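Chain by chain, the residues:
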Amino acid sequence: MADGHGTGSTNGDDSRKAGGGKPGTGATPAPAPPAASAVPLSARAREAVLQRIVDRRYAQGARLVEREVAEELGMSRVPVREALRALVTEGLLELLPHSGVRVRRLERADVEHLYEVWEPLAVQASRLAARARAAGDSQGLGALRAALRQAESAAAADEGTREVAAHTAFHECVVAMSGNPLLARTLEQLSWQLRLVFGLREEPAHMRAQHTEMYRHIEAGDAEAAAACTLLHVRDSRAVALRSMFGDG
């Protein structure tokens, strides 16, 4: 893909010339090459559009015009076009006949299907995180505490977008602490759908308290208590989402 990589070979040639001295001659070391993990423009565009969908700057049903999105993001149309196509494939946007794309409206079935997949994965992530803690792993606890503090701070300031981000981060930290890379990759595919649903629903105070309870069980290394608490939390989250978005539970 051309975007985001066009200058890499030139810099690499220059760096080899600069470091062309023979080993052991004291020549100045060549500059480090550009980071291999540099994010392509199309990926940056996708991330930016996703964030605008999640925080509702692009409302459900809103029509997105490629040229206008490119101007807003300060990019050319090519990476934006690739980003929009990717989001159509992922189901967050839908094609309009002869007129671009629009943000797909979530139906009740979409939310139910998402929670059906997320529930067992979230429960297992908490169980594994608690087991990791019982085995002596404490590295992930600090990240969990930080996410809890951020959520409380955002709630106190009535900053809904920041609170959604903190709640999502909490669950992502639980997954990271589980130590299971396959579970992490699987849940990564649900990340934006979850953020979108979290952003569209209410966030009752008792659900923040459930996160705190989940943390306590994980910290204690009690795998089954952590799993049970997470199951309650996910099912409660589903009921709140359906009530907020569709008027029922």
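The rules behind the values
Each chain has its residues counted from 1, following the order in which its sequence is written. This being a predicted model, a pLDDT of at least 70 is required before a residue's local features are given, and a value of 80 or more before pairs of side-chain atoms are given or counted; all residues contribute to the totals for chains, interfaces and linings. For the side-chain quantities, the full set of heavy atoms in the structure was used; hydrogens and water were omitted. Helix and strand labels come from DSSP, where a helix needs a run of H or I of at least four residues and a strand needs a run of E of at least two; each type is numbered from the N terminus. For each residue, the accessible area found with a 1.4 Å probe, counting protein chains only, is set against the maximum for its type, and the residue is called buried under 20%, exposed over 50%, and partly exposed in between. For this analysis, a nonpolar core means a set of buried residues of the types Ala, Val, Leu, Ile, Met, Phe, Trp, Tyr and Cys, connected via side-chain atoms within 4.5 Å. Contacts are assigned to residue pairs that have any heavy atoms within 4.5 Å of one another. Expected helix span is computed as 1.5 Å times (number of residues minus one). Bend, in this description, refers to the angle at a residue between axes fitted to the seven residues ending there and the seven starting there. Scored between 0 and 100, pLDDT is the confidence that the predictor attaches to each residue. Each aromatic pair joins two rings of Phe, Tyr and Trp (for Trp, the six-membered one) with centres within 6.5 Å, and gets the label stacked for planes under 30 degrees apart, edge-to-face for over 60, and tilted for any other angle. Orientation is described by lines fitted to C-alpha atoms, with helices fitted over the stretch in contact, and by angles between N-to-C directions that extend from 0 to 180 degrees. Should an angle lie under 35 degrees it is considered roughly parallel, over 145 roughly antiparallel, and from 65 to 115 roughly perpendicular; all remaining angles are considered oblique. We call a crossing left-handed when the near helix sits turned anticlockwise from the far one by less than a right angle, and right-handed when that turn is clockwise.

Caption draft 1: Highlighting the environment of M207. Along the chain, M207 falls in helix α10 (residues 205-220). Take M207: its relative accessible area is 0%, and that puts it in the buried class. C-alpha separation for the pair M207 and D236, spaced 29 residues apart in sequence, amounts to 7.9 Å.

Caption draft 2: Inspection of unusual backbone geometry at higher detail. One non-glycine residue, R56, lies in positive phi territory at about 70°. Here R56 is to be found in the loop between α2 (41-54) and β1 (63-64). By relative accessible area, R56 is classed as partly exposed at 48%.

Caption draft 3: Highlighting the nonpolar core. Residues V49, L64, W118, L144 and I218 are the most contacted members of the largest nonpolar core, which totals 59 residues. Sequence-distant contacts of V49, defined by excluding residues within four places in its chain, comprise Y58, L64, V69, L73, L84 and L87.

Caption draft 4: Expanded view of helix α5 (residues 108-134). Between its first and last C-alpha, α5 extends 39 Å over 27 residues, near the 39 Å set by a 1.5 Å rise per residue. At W118, α5 shows its maximal kink, close to 30°; a proline, P120, follows between one and four residues later. Directly after α5, the chain includes G136, whose backbone phi takes a positive value near 110°.

Caption draft 5: Quick peek at the confidence of the model for the protein chain. Per-residue confidence for the protein chain gives a mean pLDDT of 85, with 85% of residues at or over 70. α5 holds the highest mean pLDDT among the elements of the protein chain, 97, whereas helix α1 (residues 8-18) holds the lowest, 43.

Caption draft 6: Spotlight on the packing of aromatic side chains. Under the criterion given, the structure shown has two aromatic pairs. When the centroid spacing of 5.7 Å and the interplanar angle of 65° are considered together, the rings of Y115 and W118 count as edge-to-face. Here Y115 and its partner W118 are both found in helix α5, three residues apart, which amounts to about one turn of the helix. Each member of the pair, Y115 as well as W118, carries the same accessibility label: buried.

Caption draft 7: How the structure looks around the side chain of H171. Within the fold, H171 resides in helix α7 (residues 160-178). Residue H171 is classed as buried on the basis of its relative accessible area, which comes to 11%. In this view, H171 contacts W118, H211, M214 and H233; residues no more than four positions away in its chain are not counted.

Caption draft 8: Region of the structure containing the packing of helix α6 (residues 139-156) against α10. Interaxial distance between α6 and α10 falls to 11 Å at its minimum, and their mutual angle equals 165°. In terms of their interaxial angle, α6 and α10 are classed as roughly antiparallel. Handedness of the α6/α10 crossing: left-handed. In this structure, α6 contributes L141, L144, R145, L148, A151, E152 and A155 to the contact, and α10 contributes R208, H211, T212, Y215, I218 and E219.

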